[in-house]
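Tertiary structure, described
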Amino acid sequence: MNTSRTIVLSLLVFLGVSLGAAPAYAQATEEPVAGNATLQSNQPSVALSVGLRGRYLYLPAGIIELFVDHATSVSSGGFGIEVTRRRGNSEVIIGLEYDNLEAESGLYLEKDDNPAIFGQYPDYVAFDGLGLIGVDATFTWGERLHDRLELRYGAGFGLAIVTGGVYQADTQCPYGTTIGDLDDPGRCKKVGVAKKSDKVPPVFPIVNAVIGLRAKVTEKVSVDLEGGLHNTLFLGIKSSYSF
């Protein structure tokens, strides 16, 4: 997945005033200049800020089970830093974040397999430092609710490097084992040595969607309470300092 980069736009304004021109012509050339100055003064100013963010990450087993018949949930955390460019009501946020994506160790059953049949037994899956180190860009807008309170919402994308690994071991389950029984990770006996999975990609795309409330603590400091999607569901808090 290719990431986008901000293209810097420049506006060049040329103004020529002929020396020795008639007063009427000089006045005619001055009026547009004054008009342009007025338009420029009405444009929203640009502000930069830096911030720290922390997030609680959650991915329920039910979502993973759209692709397999039994899985475990992710319940972990992430943290990062960000730089924000604000113009008027819109913001572009560039973030660098680490997310711990270690799910609970447990039994994973392939789609349409029967855990009581030889050759279709589930795998015992363990996670060793699985996480993402990623850079993302988020585009947000806002609605002012109060002098010091604002509703923010937006979306974005990014790319991450995958850390750690996933280890799988074959199992053998008792006769009559059902999918519901797999909630107990000790239901099936591990057989052989766990092997590192080669199905984990080295890089992974990031998809962002966020909504939250921003409280302006001082003229320079703000605090955001936010939730949304950052590959997993998340709830988070961040603090920013504006220049």
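The structure we're discussing is the one just above.
Now for a quick tour of the structure. Given the structure is predicted, the values throughout are model-derived calculations rather than measurements. (Residues numbered from 1 in each chain as written. Predicted model: local features only at pLDDT ≥ 70, side-chain atom pairs only at ≥ 80, totals over all residues. Heavy atoms only, no water.)

**Considering empty space enclosed by the protein**
The full count for this structure, using the stated rule, is two cavities of 30 Å³ or more. By volume, the largest cavity is sized at about 170 Å³. If you go around the largest cavity, you meet 24 residues; those closest to its centre are Ile93, Thr140, Val210, Glu226 and Lys238. The leading source of residues in the lining of the largest cavity is strand β8 (residues 203-216), at seven residues. (1 Å grid on protein atoms, 1.4 Å probe; cavity = no way out; pocket = protein on both sides within 12 Å on 5 of 7 lines; lining within 4 Å. Points joined across faces, edges and corners; volume = space filled by probe spheres on them. Helix = DSSP H or I, 4+ residues; strand = E, 2+ residues; numbered from the N terminus.)

**Considering unusual backbone geometry**
With phi around 70°, Asp112 is a residue other than glycine that occupies positive phi space. Judged by relative accessible area, which is 70%, Asp112 ranks as exposed. Of note, Asn231 is a non-glycine position whose phi angle comes to about 70°, a positive value. Judged by relative accessible area, which is 23%, Asn231 ranks as partly exposed. (Buried < 20%, exposed > 50% of the residue type's maximum accessible area, 1.4 Å probe, protein only.)

**Things to note about the state of the cysteines**
Counted according to the given criterion, the structure contains one disulfide. In this model, Cys173 is linked to Cys188 through a disulfide, with the two sulfur atoms separated by 2.0 Å. Residues Cys173 and Cys188 are joined through a disulfide that is right-handed, its torsion about the S-S bond being 105°. Of this pair, Cys173 sits in the loop between β6 (149-172) and β7 (189-196) while Cys188 sits in the loop between β6 and β7, and the two are 15 residues apart along the sequence. With respect to class, Cys173 is no different from Cys188; both count as buried. (Disulfide = S-S within 2.5 Å.)

**Describing the packing of aromatic side chains**
Considering all chains together, one arrives at five aromatic pairs under this definition. A centroid spacing of 6.1 Å and a plane angle of 85° characterise the contact between Phe118 and Tyr121, whose relative ring orientation is edge-to-face. In this structure, Arg55 is placed above the aromatic ring of Phe234, and the distance from its NZ or CZ to the ring centre is 4.0 Å. Note that Lys190 overlies the ring of Tyr124, its terminal NZ or CZ placed 4.5 Å from the centroid. (Phe/Tyr/Trp six-rings, centres within 6.5 Å; stacked < 30°, edge-to-face > 60°. Lys NZ or Arg CZ within 6 Å of the ring centre and 35° of its normal.)

**Some remarks on the nonpolar core**
Residues Ile64, Tyr108, Phe127 and Leu130 are the most contacted members of the largest nonpolar core, which totals 19 residues. At the level of secondary structure, the elements contributing two or more residues to this core comprise β1 (46-59), β5 (123-146), β6 and β8. Per-element tally for this core: the top contributor is β5, with four residues. Counting seven residues, the second largest nonpolar core, distinct from the first, contains Leu109, Tyr124, Cys173 and Leu182. (Core = buried A, V, L, I, M, F, W, Y, C linked by side-chain atoms within 4.5 Å.)

**Description of the layout of surface pockets**
Taken as a whole, the largest pocket holds about 1000 Å³ of empty space. What lines the largest pocket is a set of 28 residues, among which Ile64, Tyr108, Phe127, Leu130 and Val166 lie closest to the centre. Sorting elements by how many residues they give to the lining of the largest pocket places β5 first, with six residues. Of the residues belonging to the lining of the largest pocket, the class tally is 20 nonpolar, five polar and three charged. Taken as a whole, the second largest pocket encloses approximately 420 Å³ of empty space. (Nonpolar A, V, L, I, M, F, W, Y, C, P; charged D, E, K, R; others polar.)

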